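Chain by chain, the residues run as shown.
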Amino acid sequence: MPSLPLQSLCELCSAQKPSLRRPKTGQKICQQCFFHVFETEIHNTITAASLFHPGERVAIGASGGKDSTVLAHVMKTLNERYSYGVDFVLLSIDEGIRGYRDDSLETVKRNQQQYSLPLKIVSYKDLYDGWSMDNIVAQIGSKNNCTYCGVFRRQALDRGAQMLGINHVLTGHNADDMAETVLMNILRGDTARLDRCTEIITQSAESPIKRSKPLKFAYEKEIVLYAHYKKLDYFSTECTYSPEAFRGTARTLIKNLETVRSSAIIDIIHSGETFALQRRGGKNQAKKLVAGVCERCGYISSNKLCKACVLLDGLNAGRAAVQISLEKPGDQDDGAALVRKQLEHLSF
Amino acid sequence: MTAQLCKRCSAAEAVFVSRKEPFCRPCFVRYIRGKERKQMAPYKVTYPPRSSSPTPPVRLLLALSLGASSVALLEMLVEHLRDQIETHRGATGFAVTAVHVDCSSVSAYSRSPAAAIDELRDKFGDICTFDIIPLDDFLLNSSDELGVFSHGPDLESYSFTSPAAADDTEALPHTVKSDILDKVRDRTSKRDLLSTIIKTLVVCAAVKHDSPTLLFGDTMSRLAERVLSLTAKGRGASIPASISDNYSISESVVQLFPMREIMRAEAGEYAAMQGFAEYIIKPAVTPAAVLRMMTIDDLLVNYFREIEAGFPSIVSTVVRTADKLKDTTAEMDMACAICGVKCASEPEKWLQNITVNTSAVENPQEPSDSDTLTKDKDILCYGCLVATKSASFTWPCPPRSTKEEIISQYEL
C-alpha cells in the first residue's frame with residue numbers, strides 16, 4: 001500500500017485519512033477519532049459534574065431534532081461503555097403544532113425503536129384545558145407565543161417526568177445555546193440569570209425536577225457532523241412560529257465570533273462560568289422565593305397560581321368568542337404553522 | 001425645511017442630534033463637559049479646615065491613546081483645570097500627566113504620534129505634562145522604572161528571545177518587538193496581547209509618576225464593546241478589572257473612566273467641535289471588511305453599530321449589567337504570568353477536559369505532554385492561554401515581584 005504523506009493523515013491517530021476538519025479546534029481528523037473525542041468530551045463533562053448515580057432513572061427530553069437525537073444516542077452509548085447503570089426514558093412534549101411537531105414526533109417514535117428505550121409523550125392539549133399551540137396562536141396571534149410555549153413546555157416536561165416517577169431530565173442544550181444565553185443575558189441586563197446560566201445542572205425552587213445539559217460543551221456544528229456520520233435519524237425543521245428577533249442578533253454574533261476564532265464558543269462559556277454578582281444584603285434576601293404549590297393545579301409555585309395557570313386564565317378569558325365559530329375543535333382548520341408550510345410548497 | 005432649534009436654550013440653531021435631542025454647540029459642549037465633571041467631582045479644589053491655602057493637587061495620569069475619546073478627555077481636563085485656576089486664584093484640585101504608548105513600531109498610523117504629542121505639548125505644556133513611552137519598554141527597559149517587569153536578570157534569561165532573536169542579541173528594540181508580535185498569527189490574539197502590554201506600561205508609568213489614579217478615555221460605547229469582547233475571549237473574570245471605576249489595578253493605582261457616560265459619537269463630535277480633531281491619530285490601515293480577517297474587537301464594534309439603531313438602550317444596559325459583576329479574581333491565589341490577573345489554579349485542565357486530544361486507536365493512558373507542561377510553565381489565565389495558543393513562541397513570563405519587593409521599592 002502506498003504510504004500517504006504525513007499531512008494527509010488524521011492529526012490524532014496519524015493512521016487514517018482525515019475526513020473532517022473539527023469545528024472546535026480546526027484539526028483535520030478521521031471519523032473514528034472524531035467519534036472518540038466527541039463522546040469522550042461528553043463523558044468527561046458527565047463525570048466532572050457527577051451527573052448520574054447508578055440505578056438512577058433519567059428522562060431524556062426528546063424533540064426529534066438533532067440535539068436530542070444525538071443526546072439520546074450518546075447517552076445510550078456511554079451508558080453501555082462506561083456502565084453508568086442509568087435507566088434512560090425518552091420524554092417528548094407534543095405542543096400541538098401541526099406541520100412541525102407531528103412530523104418530529106414520528107422521528108422520536110422511530111428513535112424509540114432504534115434505541116429500544118421507553119417513550120412517554122405528554123401533550124399540551126391534555127395538560128392545559130385542550131389548548132394546543134395552534135389554538136393559542138389562532139387566539140393571540142403570532143407574536144409572543146414563545147412565552148406561552150416556554151412556560152408550558154417547562155411545566156409539561158416536569159409533569160411528564162413526575163408521571164414516570166423520575167426527577168432528573170436531560171435536555172439537548174449545546175455549547176452554542178449556552179454561549180448565546182450568556183450573551184443574551186448581558187445584552188438584556190438579566191442579572192437574575194447571568195451568574196447561573198452556565199451551570200450544567202439547574203435546580204430551582206420553581207421546579208421539582210432537576211435538569212441537566214450533558215451537551216453543554218458540544219458545538220452545534222459537531223452535533224450535526226456526528227449525526228451525519230452516525231447516520232442518525234433526526235428531524236431538521238425549525239419551529240415555524242416566530243423566533244425572537246433580538247435573540248437572532250445574538251445568534252448571528254456567535255456564528256461570526258466562531259468564524260473569527262473557533263474557540264470563541266467555549267471561551268464565552270468559560271467567561272460565563274466565572275460570572276458572579278455582587279450580592280447586596282437585605283434586598284435580595286427579601287425577594288427569596290418561598291416554594292408553595294399552585295392552588296389550582298398543584299404544581300410548585302411561589303405564587304397563588306403557577307405561571308401556566310395564569311397564562312391559561314388569560315387564554316380562557318378570550319375563549320368564548322372563539323368557541324362559537326369553532327364547533328368541533330377536533331377537526332378545526334389547520335394551524336398557522338401547517339398553512340405556512342403548505343404555502344411554502346405551492347408552485348404555479 | 002426650517003432649521004431645528006436647540007432643545008436646551010431654544011435660541012440657537014441645533015448643530016448636532018444626540019440621543020434624539022437637538023443641541024446647539026454651546027449647549028452640547030456644556031452637556032458633555034457636565035458628564036465629565038460629574039465623574040471628576042472628587043478632584044475639586046479643597047481647603048483643609050481653618051486654612052486659606054488649598055490642599056496640594058493630586059497627580060492624575062491620563063492614558064492618551066490619541067484616539068477621539070482620549071483626545072476629547074484631554075481637552076475637557078485642560079478646560080476643567082483652567083476653570084479651577086480661574087476660580088481658585090491659581091489653585092487646582094488635580095494635575096495631569098498625559099502618557100502615550102507609542103505603538104508605531106507595530107502598527108502604522110495616519111500621522112506620527114510623537115509629532116502629535118509635540119504639538120499638544122507646545123499648546124498645553126503650561127497646563128499639563130506629556131510623556132511618550134516606546135512599546136519596547138515592556139521588554140527592554142530593565143531599569144527600576146518598569147517595576148514588576150524588571151526582575152529578570154537580563155534578556156537572555158527570557159525564553160522569548162529564542163530562537164529568532166537569541167542569535168542577534170544586539171537587535172534593535174523595534175526589531176525584537178515586532179518580531180515577537182509577528183509570531184502571533186491570530187489577529188485577535190495580537191491585538192489582545194498588545195492591549196495587555198499597553199495597559200501594563202501605563203500602569204507602570206502611573207507608579208513612576210507617583211500618581212494614585214489612572215484616567216482612561218473609554219466611552220460608554222467602548223466599555224460595552226469591551227465587556228462583550230472580554231467575554232468572547234474567555235476573559236469574563238477580568239470584566240470588573242477592566243471597566244470598574246476605582247478598581248485597584250496595582251498596589252497604589254486605581255482606575256477611573258470619566259467618559260463612561262458619553263457615547264462614542266458624542267466624544268468624536270465634541271473633539272471636532274473643540275478643534276481637537278487634528279491631534280487624533282487613526283490607524284493607517286482600515287479594519288478588514290471580510291469576516292475572517294476581522295478581530296473579535298472589530299466584530300463587536302460592528303455589532304454595536306448595527307444593533308444600536310434597533311435597540312438604542314443596549315449600550316448602557318451592557319455597561320450597567322457588567323458593573324454588577326463581582327470581582328471573583330480577588331479570591332484566587334495564582335496570578336497569570338502575562339496579564340497578571342488572578343486566576344484559578346489550572347485553566348488548562350478545564351480546557352483539556354472538554355477538548356480531548358487523544359486518538360481513537362491509541363491507548364488513552366499514554367502520558368500526554370500536558371502533565372509536564374503545567375509543571376515547568378508559568379500559570380496562564382484562560383484568556384492568555386487562548387491568546388498564546390496561536391503563537392509560535394514561548395511568551396515571556398518574567399517573575400512577578402512580591403508585595404514586599406514592590407513596597408520596599410516604591411514606598412517612601
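Residues numbered from 1 in each chain as written. Chains lettered and ligands numbered in written order. Predicted model: local features only at pLDDT ≥ 70, side-chain atom pairs only at ≥ 80, totals over all residues. Heavy atoms only, no water.

Looking at an unreviewed UniProt entry, one finds chain B named Cytoplasmic tRNA 2-thiolation protein 2, with Myxozyma melibiosi as its source organism. For chain B, the Pathway (unreviewed entry) comment in UniProt is given as "tRNA modification; 5-methoxycarbonylmethyl-2-thiouridine-tRNA biosynthesis." The heading Sequence similarities (unreviewed entry) in the UniProt record of chain B holds the text "Belongs to the CTU2/NCS2 family." (UniProt positions renumbered as here; feature names shortened; annotations may be inferred.)

Within an unreviewed UniProt entry, the label attached to chain A reads Cytoplasmic tRNA 2-thiolation protein 1, and the organism entered is Myxozyma melibiosi.

> How should the overall build of chain B be read in this particular structure?
The helix and strand tally for chain B stands at 15 helices and nine strands. Relative to its full complement of 412 residues, chain B shows a buried share of 50%. Restricting to contacts in chain B with at least 6 residues of sequence separation, those with at least 24 account for 71%. Working note: accessible area of chain B is about 19,700 Å², and carbon and sulfur atoms make up 53% of it. (Helix = DSSP H or I, 4+ residues; strand = E, 2+ residues; numbered from the N terminus. Buried < 20%, exposed > 50% of the residue type's maximum accessible area, 1.4 Å probe, protein only. Contact = heavy atoms within 4.5 Å. Areas by Shrake-Rupley, 256 points an atom, 1.4 Å probe, with all protein chains shown as cover.)

> Can you walk me through the sheet that holds strand E3 (residues 57-61) of chain A in this structure?
The strands that make up a sheet pair up through hydrogen bonds in the backbone, lying either parallel or antiparallel. Residues and elements named next belong to chain A. With respect to topology, six strands assemble into an open sheet ordered E5-E4-E3-E6-E8-E7, the strand pairing being mixed. Two strands lie at the open edges of the sheet, namely strand E5 (119-123) and strand E7 (201-202), each paired on one side alone. Of the strand pairs in this sheet, E7 and strand E8 (residues 210-212) are connected by two bridges, and their pairing is antiparallel. The residue of E8 that forms the bridge with threonine 202 is arginine 211. Packed onto the sheet, helix H3 (residues 101-115) meets strand E4 (87-94) and E5 and runs at close to 165° relative to E4. (Pairing = 2+ DSSP bridges. Axes fitted to C-alpha atoms, helices over the stretch in contact; angles between N-to-C directions.)

> How should I be thinking about the interface of chain B and chain A in this particular structure?
A common way to express how large an interface is: the accessible area buried when the components associate. Contacts between the two partners involve 49 residues from chain B and, on the opposite side, 47 residues from chain A. For the chain B and chain A pair, buried surface summed over both sides reaches about 4,100 Å², with 68% attributable to carbon and sulfur atoms. If you sort the residues of chain B by the area they bury against chain A, Trp350(B), Ile354(B) and Val356(B) come out on top, with a joint share of 14%. There are zero salt bridges connecting chain B and chain A. Where chain B packs against chain A, one counts 19 residue pairs in polar contact (both at pLDDT 80 or more). Counting only elements with at least two residues in the side of chain B that touches chain A, the list comes to helix H6 (187-208), helix H7 (220-232), helix H10 (296-310), helix H11 (314-323), helix H12 (347-354) and helix H14 (382-389) of chain B. Residue contributions to the side of chain B that touches chain A peak at six residues, all from H10(B). (Buried area = accessible area lost by both parts, 1.4 Å probe. Salt bridge = Lys/Arg side-chain N within 4 Å of Asp/Glu carboxyl O. Polar contact = N/O pair within 3.5 Å; in protein donor to acceptor, adjacent residues only side chain to side chain.)

> Help me understand the pattern of salt bridges in this model?
Oppositely charged side chains are able to pair whenever their charged atoms sit close together. Residues and elements named next belong to chain B. Within this structure, the stated rule accounts for 40 salt bridges over all chains. Two residues, glutamate 36 and arginine 37, come together in a salt bridge whose shortest N-O distance is 3.6 Å. When its relative accessible area of 24% is taken as the criterion, arginine 37 is described as partly exposed.

> Help me understand unusual backbone geometry in this model?
Residue and element names in this part refer to chain B. The backbone phi angle of lysine 20 is positive, close to 65°, even though this residue is not glycine. With respect to the helices and strands, lysine 20 occurs in the loop between strand E1 (16-18) and strand E2 (21-23). A positive phi is found at arginine 50, a non-glycine position, where the angle reads about 55°. Among the structural elements, arginine 50 can be located in the loop between helix H1 (25-39) and strand E3 (58-63). When its relative accessible area of 85% is taken as the criterion, arginine 50 is described as exposed.

> Looking at this structure, how should I read empty space enclosed by the protein?
Picture a little ball the size of a water molecule; that probe, rolled over the atoms, points out where space is still empty. Residue and element names in this part refer to chain A. Taken as a whole and assessed by the stated rule, the structure comprises three cavities of 30 Å³ or more. By volume, the second largest cavity is sized at about 50 Å³. Around the second largest cavity sit Lys24, Phe38, Glu41, Ile42, Thr45, Pro214, Phe217 and Ala218, which together line it. Among the residues forming the lining of the second largest cavity, the class breakdown is five nonpolar, one polar and two charged. (1 Å grid on protein atoms, 1.4 Å probe; cavity = no way out; pocket = protein on both sides within 12 Å on 5 of 7 lines; lining within 4 Å. Points joined across faces, edges and corners; volume = space filled by probe spheres on them. Nonpolar A, V, L, I, M, F, W, Y, C, P; charged D, E, K, R; others polar.)

> Where do I start with the environment of Ala288(B) in this structure?
All names here are of chain B. Summarising the element assignment, alanine 288 is placed in the loop between helix H9 (264-273) and H10. C-alpha separation for the pair alanine 288 and leucine 299, spaced 11 residues apart in sequence, amounts to 9.8 Å. Excluding its chain neighbours within four sequence positions, the residues that come into contact with alanine 288 are Met293 and Met294.

> Honestly, the pairing of E4(A) in this entry has me stumped. Any pointers?
Looking along a regular strand, one sees side chains alternate from face to face of the sheet. Residues and elements named next belong to chain A. A large share of E4 lies buried, amounting to six of its eight residues. Relative to E4, E3 is paired through five bridges, and the arrangement is parallel. Residue pairing across strands places arginine 57 opposite aspartate 87, the latter belonging to E4. Note that the unit made of E3, helix H2 (residues 66-81) and E4 has a crossover that is right-handed. Where E4 and E5 come together, five bridges link them in parallel fashion. The residue bridging aspartate 94 from the neighbouring strand is serine 123, located in E5. In this view, the connection linking E4 to its parallel neighbour E5 by way of H3 has right-handed handedness. (Right-handed = clockwise from strand over helix to strand, strands pointing away.)

> What's the story with H2(A) in this structure? I'm lost.
Residues that lie three or four places apart on an α-helix share one face, since the helix turns once every 3.6 residues. Residues and elements named next belong to chain A. The end-to-end C-alpha separation of H2 is 22 Å, in line with the 22 Å expected for 16 residues at 1.5 Å each. The buried fraction of H2 amounts to 13 of the 16 residues, a majority that puts the element mostly inside the structure. Positive phi appears at serine 83, one or two residues downstream of H2, with a value of about 45°. (Expected span 1.5 Å × (residues − 1).)

> Quick question: what am I supposed to make of the nonpolar core here?
The biggest cluster of nonpolar side chains holds 84 residues, and the ones touching the most others in it are Leu257(A), Leu228(B) and Phe304(B). Each of domain 1 (16-323) and domain 2 (334-358 + 368-408) of chain B contributes no fewer than three residues to this core. Beyond its immediate chain neighbours, meaning those up to four positions away, Leu228(B) contacts Leu183(A), Ile186(A), Leu187(A), Leu253(A), Leu300(B), Tyr303(B) and Phe304(B). Among the nonpolar cores identified, the runner-up in size contains 45 residues, and Phe130(B), Met273(B), Tyr279(B) and Ile280(B) belong to it. (Core = buried A, V, L, I, M, F, W, Y, C linked by side-chain atoms within 4.5 Å. Domains from an automatic or database assignment.)

> Please clarify how the sheet that holds strand E5 (residues 129-134) of chain B should be interpreted in this entry.
Residues and elements named next belong to chain B. Read across the open sheet, the five strands follow the order E5-E4-E3-E6-E7; overall the sheet is parallel. One side of each edge strand has no neighbouring strand; the edge strands of this open sheet are E5 and strand E7 (254-256). Ignoring which end each strand starts from, the neighbouring axes of this sheet average 30° apart. Bridging between strand E4 (residues 94-102) and E5 involves six bridges; their strand directions are parallel. In the strand pairing of E5, valine 101 is matched with isoleucine 133. Most of the contacts of H6 go to E4, to which it runs at about 145°, and overall it touches E3, E4, E5, strand E6 (213-216) and E7.

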